[in-house]
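Chain by chain, the residues:
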Amino acid sequence: MFKKFLTGFLIFLFTLVALPAFFIWSVYDTFLNPDFYSGAFVEDAYDSIVTVGPTLVDLKEFHSLTSDDIRELFQKVFTKEDLAQFFDSTIERFISALHDIKGEKIKIKIPLDLLSKKRDIISKEISDLLYKKLPKCGKNVVSEECIPPNMSQIDFGAQIKHSMDKEVVASMPNEFVVNMKVPKEISGDIGGFITKAFAWFFSAVVLFLLLILFLLFLIIKRPWFRVLRVEAKAFFIPSVFMSIFLSILLFSSDIFWKLYNYFKFDLELKDALFIKSVLNLAFSSFAKHALLYIIPFLIISLGLLVVAMVYGRKQVPPQILTSKKSK
């Protein structure tokens, strides 16, 4: 009886430590890992920008343009490779800033040169779109909402380009600087400190979990299939809980969207789309990455648990099974 209680307590303790430890490690291996901001994350980020971005653009000055026009314009001008390059450059500068803190501030520089590099393409696409959408002006009519009847598409494009270079590009910086305050005690290489702190934390957690597994082995000792069953159960239980939690995060954007459509929250459509995209980008991308690590633990521990239970039943004498059934 005491062995069962102690075994159950150790498995509970194993689960209690393993769950938050795996979650913290998943965060460290995703949001704090430069490699995370590529591949699937870029795909999700690009889809979010294409879906939500146009709804956030103020089109009051362009009465003839719609959100679909802005969406088509964005897809023509910017590619997923451009977005991946932006993430790479931003993350590289962020990491560099963490490793070289001077004074009481972290200075992070976000590059914006992608816009200036694409200014000719942007102005051309906008001018072509406006030339098709805007009506022709009547005689003796001068307005920004129509095109003079004698103005060619080339002249109109040159006018739009001149206007953008003067009013937009000229005032656009090549980088956006963010200053973050840090405690006075922190100086120098905070990035290295974070890396070492996580390394020590995960090492301590792994050693503690191994100690629990060793104690479970000492309690059971034999037969081997009972040891295997208990050890497999120790991995299987936290794997199930974490898989359920990550699955909820994975479908969080879909869950929110269904709740929004069912309960009709007091939110504008564009705000709801924005929240849905943020949930998909942050939670779903994180869950996809974390599930790649937890699913193997779930499958292997389940397989070992089944093997141990099947083999254990084979080792039970037939007369004991018969007596149990008769009772």
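Predicted model only: the values in this text are computed from it and were never measured.

Draft legend 1. Up close: the overall build of the chain. A count of helices and strands for the chain gives 12 helices and 2 strands. The linear arrangement of helices and strands in the chain, starting from the amino end, is α-α-α-α-β-α-α-α-β-α-α-α-α-α. Within the chain, the proportion of its 327 residues that are buried is 33%. For the chain, the accessible surface area stands at approximately 21400 Å², while carbon and sulfur atoms represent 66% of it.

Draft legend 2. How the structure looks around the packing of aromatic side chains. For the structure shown, the criterion picks out 26 aromatic pairs. For the pair Phe 31 and Phe 36, a centre-to-centre distance of 5.6 Å together with 75 degrees between the ring planes defines the contact as edge-to-face. Aromatic ring contacts, followed pair by pair, group Phe 23, Phe 31, Phe 36, Tyr 37, Phe 41, Phe 86, Phe 87, Phe 245 and Phe 286 into a single cluster. For Lys 276, the ring lying beneath its charged end belongs to Trp 257, and the centroid distance is 5.9 Å.

Draft legend 3. The arrangement of the pattern of salt bridges in detail. Summed over all chains, the structure comprises 6 salt bridges. Glu 43 serves as the salt-bridge partner of Lys 80, at 2.7 Å between the closest nitrogen and oxygen. Remark: Glu 43 occurs in helix α2 (residues 40-56) and Lys 80 occurs in helix α4 (residues 80-98); sequence separation between them is 37 residues. In this structure Glu 43 comes out as partly exposed when scored by relative accessible area, which is 36%. Salt-bridge contacts for Lys 288 lead to Asp 44; the nearest nitrogen and oxygen are separated by 3.5 Å. With Lys 288 in helix α11 (residues 269-315) and Asp 44 in helix α2, the pair connects residues that are 244 residues apart, well separated along the chain. The class of Lys 288 is partly exposed, set by a relative accessible area of 39%.

Draft legend 4. Quick peek at the layout of surface pockets. Taken as a whole, the second largest pocket spans an internal volume of roughly 480 Å³. If you go around the second largest pocket, you meet 18 residues; those closest to its centre are Ala 18, Phe 22, Leu 209, Phe 235 and Phe 297. Mapped by element, the contributors of at least two residues to the lining of the second largest pocket are α1 (2-30), α8 (190-220), α9 (224-250) and α11. Residues that form the lining of the second largest pocket fall into these classes: 17 nonpolar, 1 polar and no charged.

Draft legend 5. Focus on α1. Relative to the 42 Å expected for 29 residues at 1.5 Å per residue, α1 spans 42 Å between its end C-alpha atoms, a close match to the ideal helical length. Restricting attention to buried positions, one finds in α1 the residues Thr 7, Leu 10, Ile 11, Phe 14, Thr 15, Val 17, Ala 18, Ala 21, Phe 22, Ser 26, Asp 29 and Thr 30.

Draft legend 6. A nonpolar patch on the surface, seen in detail. A cluster of nonpolar side chains, Ile 244, Ile 248, Phe 251, Ile 255, Leu 259, Tyr 262, Phe 263, Phe 265, Leu 267, Phe 274, Ile 275 and Val 278, forms an exposed patch at the surface whose accessible area comes to about 1100 Å². Top contributing element to the nonpolar patch by residue count: helix α10 (residues 252-263), with 4 residues.

Draft legend 7. Quick look at the environment of Val 42. In this structure, Val 42 sits in helix α2. Under the relative-accessibility criterion, Val 42 is labelled buried at 5%. Look past the residues within four positions of Val 42 in its chain and what remains in contact with it is Tyr 37, Lys 80, Leu 83, Ala 84 and Phe 87.

Draft legend 8. Highlighting the confidence of the model for the chain. In the predicted model, the chain carries a mean pLDDT of 80, and 85% of its residues have values of at least 70. When mean pLDDT is compared element by element in the chain, α9 scores highest at 91, while helix α12 (residues 318-326) scores lowest at 48. When the criterion is pLDDT under 50, residues 319-327 qualifies, and its contacts beyond four places in sequence or with other chains add up to 2 contacts.

Draft legend 9. Quick look at the packing of α1 against α9. With their axes 9 Å apart at the nearest point, α1 and α9 run at an angle of 40 degrees to one another. By the criterion of interaxial angle, the relationship of α1 to α9 is oblique. For α1 against α9, the interelement crossing comes out right-handed. Contact residues: Thr 7, Ile 11, Phe 14, Thr 15, Ala 18, Leu 19, Phe 22 and Phe 23 in α1; Val 230, Lys 233, Ala 234, Phe 235, Ile 237, Pro 238, Phe 241, Met 242, Phe 245 and Leu 246 in α9. Classifying every residue of the contact of α1 with α9 by side-chain character gives 15 nonpolar, 2 polar and 1 charged.

Draft legend 10. Inspection of the side chain of Ser 239 at higher detail. Mapped onto the elements of the fold, Ser 239 is located in helix α9. Apart from the residues lying within four places of it in its own chain, the contact partners of Ser 239 are Ile 294, Phe 297 and Leu 298.

Draft legend 11. Representation of a positive patch on the surface within the structure. Positive charge collects at one region of the surface, where Lys 105, Lys 107, Lys 109 and Lys 181 lie side by side. Looking at which element gives the most residues to the positive patch, the answer is strand β1 (residues 105-111), with 3 residues. On the secondary structure map, Lys 181 appears in strand β2 (residues 175-181).

Reading guide: rules and limits
Residues numbered from 1 in each chain as written. Predicted model: local features only at pLDDT ≥ 70, side-chain atom pairs only at ≥ 80, totals over all residues. Heavy atoms only, no water. Helix = DSSP H or I, 4+ residues; strand = E, 2+ residues; numbered from the N terminus. Buried < 20%, exposed > 50% of the residue type's maximum accessible area, 1.4 Å probe, protein only. Areas by Shrake-Rupley, 256 points an atom, 1.4 Å probe, with all protein chains shown as cover. Phe/Tyr/Trp six-rings, centres within 6.5 Å; stacked < 30°, edge-to-face > 60°. Lys NZ or Arg CZ within 6 Å of the ring centre and 35° of its normal. Salt bridge = Lys/Arg side-chain N within 4 Å of Asp/Glu carboxyl O. 1 Å grid on protein atoms, 1.4 Å probe; cavity = no way out; pocket = protein on both sides within 12 Å on 5 of 7 lines; lining within 4 Å. Points joined across faces, edges and corners; volume = space filled by probe spheres on them. Nonpolar A, V, L, I, M, F, W, Y, C, P; charged D, E, K, R; others polar. Expected span 1.5 Å × (residues − 1). Patch = residues over 30% accessible without salt bridge, like charges linked within 9 Å, V, L, I, M, F, W, Y side chains within 5 Å. Contact = heavy atoms within 4.5 Å. pLDDT = per-residue confidence, 0-100. Axes fitted to C-alpha atoms, helices over the stretch in contact; angles between N-to-C directions. Parallel < 35°, antiparallel > 145°, perpendicular 65-115°, else oblique. Left-handed = near helix turned anticlockwise from the far one by under 90°. Lys, Arg positive; Asp, Glu negative; His and termini not counted. Charge placed at Lys NZ, Arg CZ, Asp CG, Glu CD.

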